[in-house]
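Per-entry structural report
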Amino acid sequence: MKTSDFDYYLPKNLIAQQPLKSRDRSRLLVLERAGGVEHSTFSRIGRYLRAGDLLVMNNTRVIPARLHGIKPTGGHVEILLLNPVNDGTWNCLVKPARRVSLGTLVNFDQELQAEVVASGEEGVRQLRFSLTGNDFDRKLEQLGQVPLPPYIENELDDSERYQTVYATSPGAVAAPTAGLHFTPQLLSDLEAVGIKRTELTLHVGLGTFRPVAVENIQEHKMHSEFYQLGSEAAAAINRTRSEGGRIVAVGTTAVRVLESVATPDGSVEPGQGWTDIFIYPGFKFRVVDALITNFHLPQSTLLMLVSALAGRERILEAYQEAVAAEYRFFSFGDAMLII
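Residues numbered from 1 in each chain as written. Predicted model: local features only at pLDDT ≥ 70, side-chain atom pairs only at ≥ 80, totals over all residues. Heavy atoms only, no water.

Some thoughts on the overall build of the chain
The condition that has to hold: Strands here mean DSSP runs of E at least two residues long; helices mean DSSP runs of H or I at least four residues long; both are numbered from the N terminus. Based on C-alpha atoms, the radius of gyration is set beside the globule rule, defined as 2.2 Å times the residue count to the power 0.38. Each residue is assigned to one of three classes by its accessible area relative to the maximum for its type, calculated with a 1.4 Å probe on protein chains only: buried under 20%, partly exposed between the two thresholds, exposed over 50%. The Shrake-Rupley method, run with a 1.4 Å probe sphere, supplies the accessible areas, and residue values consider only the shown protein chains as cover.
Counting secondary structure elements, the chain contains seven helices and 17 strands. The C-alpha atoms of the chain give 20 Å as radius of gyration, which agrees with the globular expectation for 339 residues (20 Å, within 12%). Projecting the C-alpha coordinates of the chain onto the three principal axes gives extents of approximately 60 × 45 × 40 Å. A total of 339 residues make up the chain; the buried ones form 54% of that total. Total accessible area on the chain stands at roughly 15200 Å², and carbon and sulfur atoms take up 47% of it.

Comments concerning unusual backbone geometry
The omega torsion across Lys95 and Pro96 is -5 degrees, close enough to zero to call that bond cis. Topologically, Pro96 is positioned in the loop between strand 7 (89-95) and strand 8 (105-107). With phi around 60 degrees, Glu326 is a residue other than glycine that occupies positive phi space. Relative to the helices and strands, Glu326 resides in the loop between helix 7 (312-324) and strand 17 (335-338).

Remarks on the packing of aromatic side chains
Using the following cut-off: Two aromatic rings from Phe, Tyr or Trp, using only the six-membered ring of Trp, form a pair when their centres are within 6.5 Å; if the ring planes differ by under 30 degrees the pair is stacked, by over 60 it is edge-to-face, and anything between is tilted.
Under the defined criterion, the tally for this structure stands at 16 aromatic pairs. Residues Tyr8 and Tyr319 carry aromatic rings whose centres are separated by 5.1 Å and whose planes lie at 80 degrees to one another, so their mutual orientation is edge-to-face. In this pair, Tyr8 is assigned in the segment before strand 1 (27-31) and Tyr319 in helix 7, connecting sequence segments 311 residues apart. Each member of the pair, Tyr8 together with Tyr319, is buried. Seen in terms of ring centroids, Phe226 and Trp274 are 5.6 Å apart; in terms of plane orientation they differ by 70 degrees. Their pairing is edge-to-face. With Phe226 in strand 13 (residues 225-229) and Trp274 in strand 15 (residues 271-275), this residue pair connects regions lying 48 residues apart in the sequence. Every member of this aromatic cluster is reached through a ring pair, and the members are Tyr8, Tyr151, Phe295, Tyr319, Tyr327, Phe329 and Phe330.

A closer look at the packing of helix 5 (residues 252-260) against helix 6 (residues 301-310)
What counts, and what does not: Axis definition: a line fitted to C-alpha atoms, over the contacting stretch in the case of helices. Angles run 0 to 180 degrees between N-to-C directions. Working rule for handedness: look at the near helix, and if it is turned counterclockwise from the far one by less than a right angle, call the crossing left-handed; if clockwise, right-handed. Between two residues, a contact is recorded if the distance between any of their heavy atoms is within 4.5 Å. Side-chain classes are defined by residue name, with Ala, Val, Leu, Ile, Met, Phe, Trp, Tyr, Cys and Pro counting as nonpolar, Asp, Glu, Lys and Arg as charged, and the others, Gly among them, as polar.
Contact geometry for helix 5 and helix 6: axes closest at 11 Å, N-to-C directions at 65 degrees. Regarding helix 5 and helix 6, the two cross each other, and that crossing is left-handed. Across from Thr252, Val255 and Arg256 in helix 5, the residues of helix 6 making contact are Leu302, Leu305 and Val306. Tallied by class, residues from the contact of helix 5 with helix 6 come to four nonpolar, one polar and one charged.

Considering the sheet that holds strand 1
Heads up, the rule is: Pairing between strands requires that DSSP locate at least two bridges from one strand to the other.
Pairing within the open sheet is mixed, and its nine strands lie in the order 2-1-17-16-14-3-12-13-15. Each having just a single partner strand, strand 2 (37-41) and strand 15 make up the two edges of the open sheet. Across the sheet, the mean angle from the axis of one strand to that of its neighbour is 25 degrees, orientation sign disregarded. For strand 1 and strand 2, the ladder comprises five bridges, and the chain directions are antiparallel. Opposite Leu31, over in strand 2, you have Val37 as the bridge partner.

Now the structure itself:
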């Protein structure tokens, strides 16, 4: 299967640049895998769920992972923290990478400096920072910026709008954007009618948004991302399945965790670790029954994942309908429910 098989035309004006004033007022395209397409609003998503369903949500929180530094030569460097290697050392995406080699020093302010201690591929460098632990976290909050996707042209007035209302576990460099549509009131309303929820963690990193650079998708290598599934969440998932409820993943990141920890019989086991699972058409889902997601970039691994769940042709037809109806796309855009 080719990367070009997952292409579609998207007018630039449909790329949402700002979140809506009210999170749950986004539009919702409901795609029934055995039926048709229905257009609704996110605040009415409860109509398409039922008592006994379980929402599985990624509680990761985006950290201010973008730093701007200066080399001793005066050259400017942009650093995107990806994941910690140990206390004080991080894998980072560096721009311009070709001018940041092993041993390069980068100054951020009088307290925070870093040295490149290892080089990787595709612009990744390993940096050892002069501060560790809480001192580093404090300085990161002071100097860092919440990184936004490259198609967002302006900074947000309120960076909390790039966080879900249930984001409690810091560590991501990008938001699990399907969850941005939920409000505390909507979650309460869903709970009141018997729609339960539980949480897991996947710290969104390079693996989620790195473009596919090969034509044969089977040659694409996902970067690993850290996940954690607690015992209470695992028990809730297994109980829901045994009682006939549906597992509704909120976002592709939740899907990747659930299918990474799935056993052959479709149950899950608690644990933590790193996953580089790549889900594309032909994948056999063991846990996930339904998915809440946004509209994804052409030729992206995220588009391939939703195509695995609903079928490539069905997804591309639904995307074409969304374009015609002028839905808002990508991180701050509208939502899709696949059931």
